[in-house]
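Residues per chain are reported as follows:
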Amino acid sequence: MNHKIVEIMNSMETYQLTYPEDACIVVADTEKVVAYLPGKKVDLKVKVGTPIEMFKGTVAYKAFETGKVVQEERGPEQFGMAYISSGVPIRENGKVIGVICAVVSSEQIDTLRTSATELSATVEEMSATTQEVSSASADMAHRLQGLLSESENMINDIKEIHSVLAFVQDVASQSHMLGLNAAIEAARAGEHGRGFSVVANEIRKMAEQSKVSAKNIHDQLQHIQDAVIKINDTIQQVASYTQQHSASMQELHHAFDHIAQTADRLVTATK
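Because the structure is predicted, anything quoted here is derived from the model rather than measured.

S.K.: It is not clear to me how the overall build of the protein chain should be interpreted in this structure. Could you clarify?
M.R.: For the protein chain, the helix and strand inventory stands at five helices and five strands. Taking all 271 residues of the protein chain together, the buried fraction comes to 33%. Surface accessibility of the protein chain: about 17100 Å² in total, with carbon and sulfur atoms responsible for 57%.

Here it is in structure tokens:
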């Protein structure tokens with residue numbers, strides 16, 4: 001047997017340890033398999049002495065036939081596990097005198113690739129969801145700003161009504177004083193001023209009722225104004241929180257994009 005092939009056979013265990021995952025190694029000369037070293041799990045059940053012709057179509061035979069290094073990756077369909085097989089021709093004086101083939105488990109890589117693909121898909125869904133939530137938050141913030149503007153307008157309107165009520169109260173007070181003065185003058189007029197006295201009393205009553213009504217309206221408006229101010233403060237807080245939430249969702253969206261890109265790179269790197 002060729003001494004170079006013998007050297008390779010003697011070094012098979014060392015070669016096997018250089019692979020990051022479980023592997024089996026096959027060595028053949030130009031006629032048959034001369035050595036086989038199974039892995040812990042990877043075991044092709046190759047028998048020493050099997051003619052090399054029996055391996056047509058395999059990586060080992062392609063490397064032997066072409067004189068070139070050949071590598072293929074397969075799924076778990078044939079041996080129940082994903083694997084990478086490599087065939088390297090053995091040369092002496094430029095002539096192919098045999099071939100060494102290693103079949104290495106790629107379960108970890110396949111698992112990583114599958115996980116990366118699933119992660120990428122999941123992150124894309126999450127990214128789309130965060131984008132929708134972010135858009136909804138931005139729209140809500142915009143609507144809240146509109147509502148805030150409306151509530152501020154309402155507060156200004158209430159202040160205007162307060163001004164009108166103050167004027168009404170002032171008119172009522174003046175009418176009450178005029179009615180009082182008219183009643184005094186009617187009393188001085190005696191019998192001749194009796195009819196005018198009745199009118200004066202009615203004016204005083206109307207003035208008093210107007211004053212009381214204006215006071216009631218003022219109090220009610222004050223309650224409404226206080227409630228609107230509280231609502232306004234709440235809207236401002238919610239709008240602020242919503243803007244912060246929208247900004248956070250944008251940051252989260254960018255983070256998801258980064259994760260998705262990383263997952264895509266993992267998928268590409270493991271192919």
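S.K.: Can you walk me through the pairing of strand S1 (residues 23-29) in this structure?
M.R.: Consecutive residues of a regular strand have side chains that alternate between opposite faces of the sheet. Burial within S1 is extensive, with seven of its seven residues counted as buried. Of the two faces of S1, the one holding Ala23, Ile25, Val27 and Asp29 and the one holding Cys24, Val26 and Ala28 are both buried throughout. As defined by bridge partners, S1 adjoins strand S5 (residues 95-105) across seven bridges and the pair is classed as antiparallel. Paired with Asp29 across the strands is Gly98, a residue of S5. Direction of pairing for S1 relative to strand S2 (residues 33-37): antiparallel, over a ladder of four bridges. Bridge assignment links Val26 to a residue of S2, and that residue is Tyr36. Linking S1 to S2, which pair antiparallel, is a turn of three residues.

S.K.: What is the right way to read unusual backbone geometry from this model?
M.R.: Trans peptide bonds make up the majority, and among non-glycine residues the majority have a negative phi. Even without glycine at this site, Lys45 takes up a positive phi of about 60 degrees. In this fold, Lys45 is placed in the loop between S2 and helix H3 (59-66). Look at Lys45 and you get exposed, because its relative accessible area is 64%.

S.K.: What am I meant to see in the nonpolar core here?
M.R.: A general feature of soluble globular proteins is that nonpolar side chains tend to end up buried together. Counting 21 residues, the largest nonpolar core has Val26, Val46, Ile52, Phe64, Val99 and Val103 as its most contacted members. It is H3 that contributes the most residues to this core, five residues altogether. When near neighbours in sequence (up to four residues on either side) are disregarded, Val26 contacts Val33, Ala35, Tyr36, Val46, Val99, Ile100 and Cys101. Within the second largest apolar cluster, 14 residues are counted, among which are Ile5, Ala35, Ile90 and Ile97.

S.K.: So what exactly am I meant to see when it comes to the sheet that holds S2 here?
M.R.: Picture the strands of a sheet paired through backbone hydrogen bonds; they go either parallel or antiparallel. One open sheet holds the five strands; their spatial order is S2-S1-S5-S4-S3, and the pairing between them is antiparallel. Edge positions in the sheet fall to S2 and strand S3 (70-74), since each of these pairs with one other strand and no more. The sheet shows a mean angle of 15 degrees between the axes of neighbouring strands, direction not considered. Bridge analysis of strand S4 (residues 83-92) against S5 gives 10 bridges, and the strand direction is antiparallel.

S.K.: How should I be thinking about the side chain of Glu72 in this particular structure?
M.R.: Within the element layout of this structure, Glu72 appears in strand S3. Apart from the residues within four sequence positions on either side, Glu72 is in contact with Val59, Lys62, Tyr83, Ile84 and Ser85.

S.K.: Can you walk me through the pattern of salt bridges in this structure?
M.R.: Two side chains with opposite charge may pair up if their charged atoms get near one another. Taken as a whole and judged by the stated rule, the model has four salt bridges. For the salt bridge of Asp43 with Lys45, the shortest nitrogen-to-oxygen distance reads 3.3 Å.

S.K.: Would you mind going over the packing of aromatic side chains with me for this structure?
M.R.: Aromatic ring pairs: the centre-centre distance and the angle between the two ring planes describe each pair. For the structure shown, the criterion picks out one aromatic pair. Between Tyr61 and Phe64 the ring centres are 6.2 Å apart and the planes differ by 55 degrees, which places this aromatic pair in the tilted class. Note that Tyr61 and Phe64 are positioned in helix H3 at a spacing of three residues, about one turn of the helix. Its relative accessible area of 9% is what places Tyr61 among the buried residues.

S.K.: Before we go on, may I ask you to explain H3 in this structure?
M.R.: For an α-helix the count is 3.6 residues per turn, leaving residues at separations of three or four pointing the same way. Those residues of H3 that fall on the buried side of the exposure criterion are Val59, Ala60, Tyr61, Ala63 and Phe64. Against the buried residues of H3 lie S1, S3, S4 and S5. Taken from the residues just after H3, Gly67 is the one with a positive phi, measuring 75 degrees.

S.K.: Got a minute to help me understand a nonpolar patch on the surface in this structure?
M.R.: A cluster of nonpolar side chains, namely Val164, Phe167, Val168 and Val171, defines an oily patch on the protein surface of about 340 Å² accessible area. Considering the arrangement of structural elements, one finds Val171 in helix H4 (residues 107-189).

S.K.: When you look at the environment of Val34 in this model, what are you seeing that I'm missing?
M.R.: Considering the arrangement of structural elements, one finds Val34 in strand S2. The buried category is assigned to Val34, whose relative accessible area is 10%. Apart from the residues lying within four places of it in its own chain, the contact partners of Val34 are Met1, Ile5, Met9, Val27, Ala28, Asp29 and Val48.

Analysis parameters
Residues numbered from 1 in each chain as written. Predicted model: local features only at pLDDT ≥ 70, side-chain atom pairs only at ≥ 80, totals over all residues. Heavy atoms only, no water. Helix = DSSP H or I, 4+ residues; strand = E, 2+ residues; numbered from the N terminus. Buried < 20%, exposed > 50% of the residue type's maximum accessible area, 1.4 Å probe, protein only. Areas by Shrake-Rupley, 256 points an atom, 1.4 Å probe, with all protein chains shown as cover. Pairing = 2+ DSSP bridges. Core = buried A, V, L, I, M, F, W, Y, C linked by side-chain atoms within 4.5 Å. Contact = heavy atoms within 4.5 Å. Axes fitted to C-alpha atoms, helices over the stretch in contact; angles between N-to-C directions. Salt bridge = Lys/Arg side-chain N within 4 Å of Asp/Glu carboxyl O. Phe/Tyr/Trp six-rings, centres within 6.5 Å; stacked < 30°, edge-to-face > 60°. Patch = residues over 30% accessible without salt bridge, like charges linked within 9 Å, V, L, I, M, F, W, Y side chains within 5 Å.

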